[in-house]
Amino acid sequence: MHIFNNGKYKSLHAQSEGELNTLRQTVLSDQDFYPTYHLAPKTGLFNDPNGLIFDGKNYHIFAQWFPYGALHGMKHWQHFMTSDFQTFEKGELLIPDELFESHGCYSGGAILWQGNIVAFYTGNTRRLSDNARIPHQNIAIFDTSGKLLEKRCIIDQAPAGYTEHVRDLKPYITAEGKIRFVLGAQRENLTGTALIYEMNDLNDTPRLVAELDVNGFDNSNVFMWECPDLFRLGGKDLFVWSPQGKLRDSHQFQNNYHATYAVGQLNSHSFNAEHIEELDYGFDFYAPQTVENSDRIMFGWVGLPDLTYPTDKYQWHSMLTMPRKLSLKNGKVVQQPIVHLGEPQEVEISENVAIDDLDTTYLQISVENQPLVLDFFSNEQGQKLTIRFENGVFSLDRSQSEQMELMEKFGTVRHCKIEKLETLEIFFDRSVVEIFLNEGEKVLTSRFFIAKRENIVKSSRPLQARVAKVIPISVE
Ligand code: FRU
């Protein structure tokens with residue numbers, strides 16, 4: 001075992017006594033923004049959901065985690081186990097302590113293999129002589145109680161024709177019982193793609209089968225594909241991934257990077273896309289991953305690379321989304337949250353209506369395709385969060401909440417076209433909002449920061465809303 005301790009590349013094995021406790025006190029001093037029903041780091045930073053798997057009894061959910069602060073440093077895999085997405089227990093972590101993961105355990109997925117959980121992940125390493133990044137692809141085997149049994153490297157360099165940016169494996173088992181994985185990559189000509197590898201079993205050396213060819217995706221300007229995920233849903237093939245570099249358009253791809261899906265037919269390595277769309281239209285959503293039980297369930301990262309948040313000063317950053325059940329409707333992905341609600345109440349919303357605990361509440365509103373403006377929260381600085389629906393466009397406006405880096409460059413409003421808006425569901429959790437239009441036909445996930453707020457809502461027209469408290473999750 002190696003104890004890495006080099007600046008921000010410091011593993012948990014190198015923590016000093018009381019160090020995480022001190023950080024935790026700072027996190028706890030955040031009275032306004034830390035969520036109650038989203039999986040968030042006790043200290044430090046979460047990014048991508050990883051290693052999602054159902055073992056027959058429990059879901060295992062891992063998250064990219066840097067324990068020592070709100071920055072992208074040495075990545076570990078935090079490990080949660082749950083049967084109901086309400087009560088979570090912690091399993092053993094992936095802590096980087098081998099040379100093949102010397103600069104972090106990067107993203108990956110998992111399969112169930114001979115009764116164990118096999119996590120496939122990228123070992124980020126840097127060569128001592130010239131600091132070059134050498135991507136390793138590794139496996140870590142856990143038993144279903146969450147105990148780590150073994151780790152080893154299965155590929156120790158980037159394949160010929162690709163740069164050092166080769167990462168994020170998502171494995172699956174084929175109909176013939178072989179192991180395949182998709183892997184994000186950058187070609188030597190600096191364009192993004194995904195590679196398909198195959199292994200007969202865990203002792204086999206992975207063979208590169210082909211690049212995944214997604215017909216119908218405009219890859220211009222795209223320099224990297226991160227976090228690919230390939231699976232079946234409702235009789236179709238789905239490819240979910242996070243391409244980097246896509247040019248903005250007026251109602252889609254408005255952030256710095258984007259999580260995207262293609263639905264269609266996969267023939268060998270050729271994916272014929274029938275529909276391609278951004279998965280989430282909010283300000284903060286990236287690197288989603290799915291798991292199959294009888295349903296296909298997705299988690300995303302409520303965040304994006306390169307963003308800082310006002311909560312960074314409290315030594316925590318980002319969280320995972322609520323789990324979302326995926327289905328197909330008219331050939332498009334529909335997302336429905338899995339969440340536990342208290343007793344619902346009917347509330348009339350008009351001018352200024354106070355709703356207890358609005359900042360941890362679920363609201364369901366029947367919009368009937370009529371124009372609407374809703375302002376949520378208020379404080380002494382006159383801050384608020386606004387949503388609008390007009391002329392077939394839904395927008396989320398955070399221009400009147402605390403400003404963040406990159407807002408200037410990427411704007412303060414997000415738009416989403418929706419032909420007919422019937423129902424609007426809004427889940428607030430302190431500094432995050434997840435909004436579902438027409439029961440998940442479109443989704444917007446965003447952070448927002450309004451300190452010392454009053455729990456007030458104001459509507460441009462009288463409305464009837466169904467309101468329920470969201471039950472907090474517990475992590476033991
Ligand atoms: C996506 C990503 C992955 C990488 C991981 C590192 O957010 O950049 O490509 O494996 O995060 O934390």
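In the annotation of an unreviewed UniProt entry, the entry for the chain reads Sucrose-6-phosphate hydrolase, and the organism field reads Mannheimia pernigra. The Catalytic activity (unreviewed entry) field of the UniProt record for the chain holds the comment "Hydrolysis of terminal non-reducing beta-D-fructofuranoside residues in beta-D-fructofuranosides." Recorded in UniProt for the chain, the comment headed Sequence similarities (unreviewed entry) runs: "Belongs to the glycosyl hydrolase 32 family."

1. Description of the sheet that holds strand S27 (residues 372-378)
Across the sheet, six strands lie side by side as S25-S34-S27-S28-S29-S30; this open sheet has antiparallel pairing. At either margin of the open sheet sits one strand with a lone partner, and together these are strand S25 (353-354) and strand S30 (413-417). Bridge count for S27 against strand S28 (residues 385-390) is five bridges, and the pairing is antiparallel. Among the inter-strand pairings, leucine 372 is bridged to a residue of S28, identified as phenylalanine 389.

2. Describing the site of the ligand
In the region of the ligand, the neighbouring residues are Asn47, Asp48, Gln64, Lys75, Tyr106, Ser107, Arg167, Asp168, Glu226, Tyr286 and Trp301. Aspartate 168 places a polar side-chain atom, nitrogen or oxygen, 2.5 Å from an oxygen atom of the ligand. In isolation the ligand exposes 310 Å². Once the protein is present, 91% of that is buried. Sorting the residues of the shell around the ligand by element identifies strand S3 (44-54), strand S7 (105-113) and strand S11 (162-173) as the ones contributing at least two each.

3. Section: helix H1 (residues 19-28)
Where H1 is concerned, the buried positions are Leu20, Leu23, Arg24 and Val27. An end-on view of H1 places all buried positions within 105 degrees of arc, on one side of the element. Seen from the buried face of H1, the exposed residues on the opposite side, beyond 90 degrees, are Asn21, Thr22 and Gln25. At its buried positions, H1 is contacted by strand S21 (316-317).

4. With respect to empty space enclosed by the protein
Enumeration over the complete set of coordinates arrives at four cavities of 30 Å³ or more. Along the wall of the second largest cavity there are 15 residues; nearest its centre are Tyr37, Phe85, Pro323, Ile338 and Ile473. Grouping the amino acids of the lining of the second largest cavity by side-chain chemistry returns 11 nonpolar, four polar and no charged.

5. Considering the UniProt feature "domain: Glycosyl hydrolase family 32 N-terminal" (unreviewed entry) in the chain
With numbering aligned to this structure, UniProt lists the feature "domain: Glycosyl hydrolase family 32 N-terminal" (unreviewed entry) at residues 38-337. With 0% helix and 56% strand, residues 38-337 has end C-alpha atoms that lie 12 Å from one another.

6. Overview of the environment of arginine 152
When you line up the elements, arginine 152 lands in strand S10 (residues 148-155). Its relative accessible area of 24% is what places arginine 152 among the partly exposed residues. Non-local contacts of arginine 152, meaning those with residues more than four positions away in its chain, are made with Phe100, Asn138, Ile139, Leu202 and Asn203. Side chain to side chain, arginine 152 and glutamate 150 meet in a polar contact 2.8 Å long.

7. Some remarks on the pattern of salt bridges
For the structure shown, the criterion picks out 25 salt bridges. Between glutamate 19 and lysine 10 there is a salt bridge; the shortest N-O distance is 2.9 Å. Taking the shortest distance from any N to any O, the salt bridge between arginine 324 and glutamate 434 comes out at 2.7 Å. Placement of the pair is arginine 324 in strand S22 (residues 324-329) and glutamate 434 in strand S32 (residues 432-437), with a sequence separation of 110 residues. In terms of burial, arginine 324 and glutamate 434 fall into one category: buried. Within this structure, Lys178, Arg180, Glu198, Asp204 and Arg207 form a network of salt bridges that share partners.

8. Quick look at the sheet that holds strand S4 (residues 59-66)
In spatial order, the strands read S21-S3-S4-S5-S6-S36; together these six strands make up an open sheet with mixed pairing. The sheet is open, and its two borders are formed by S21 and strand S36 (474-475), each paired with just one other strand. Examined bridge by bridge, strand S6 (residues 87-90) and S36 share two bridges and lie parallel to one another. Residue phenylalanine 88 lies in a different strand from S36, and its bridge partner there is valine 475.

9. As for the environment of leucine 444
Residue placement: leucine 444 occurs in strand S33 (residues 442-447). On the accessibility criterion, leucine 444 (0% relative accessible area) is buried. Separated by 49 residues in the primary sequence, leucine 444 and serine 395 place their C-alpha atoms 9.3 Å from one another.

So, how was this worked out
- Residues numbered from 1 in each chain as written.
- Predicted model: local features only at pLDDT ≥ 70, side-chain atom pairs only at ≥ 80, totals over all residues.
- Heavy atoms only, no water.
- UniProt positions renumbered as here; feature names shortened; annotations may be inferred.
- Pairing = 2+ DSSP bridges.
- Helix = DSSP H or I, 4+ residues; strand = E, 2+ residues; numbered from the N terminus.
- Near = heavy atom within 4 Å.
- Polar contact = N/O pair within 3.5 Å; in protein donor to acceptor, adjacent residues only side chain to side chain.
- Areas by Shrake-Rupley, 256 points an atom, 1.4 Å probe, with all protein chains shown as cover.
- Buried < 20%, exposed > 50% of the residue type's maximum accessible area, 1.4 Å probe, protein only.
- Arc of directions from axis to C-beta.
- Contact = heavy atoms within 4.5 Å.
- 1 Å grid on protein atoms, 1.4 Å probe; cavity = no way out; pocket = protein on both sides within 12 Å on 5 of 7 lines; lining within 4 Å.
- Points joined across faces, edges and corners; volume = space filled by probe spheres on them.
- Nonpolar A, V, L, I, M, F, W, Y, C, P; charged D, E, K, R; others polar.
- Salt bridge = Lys/Arg side-chain N within 4 Å of Asp/Glu carboxyl O.

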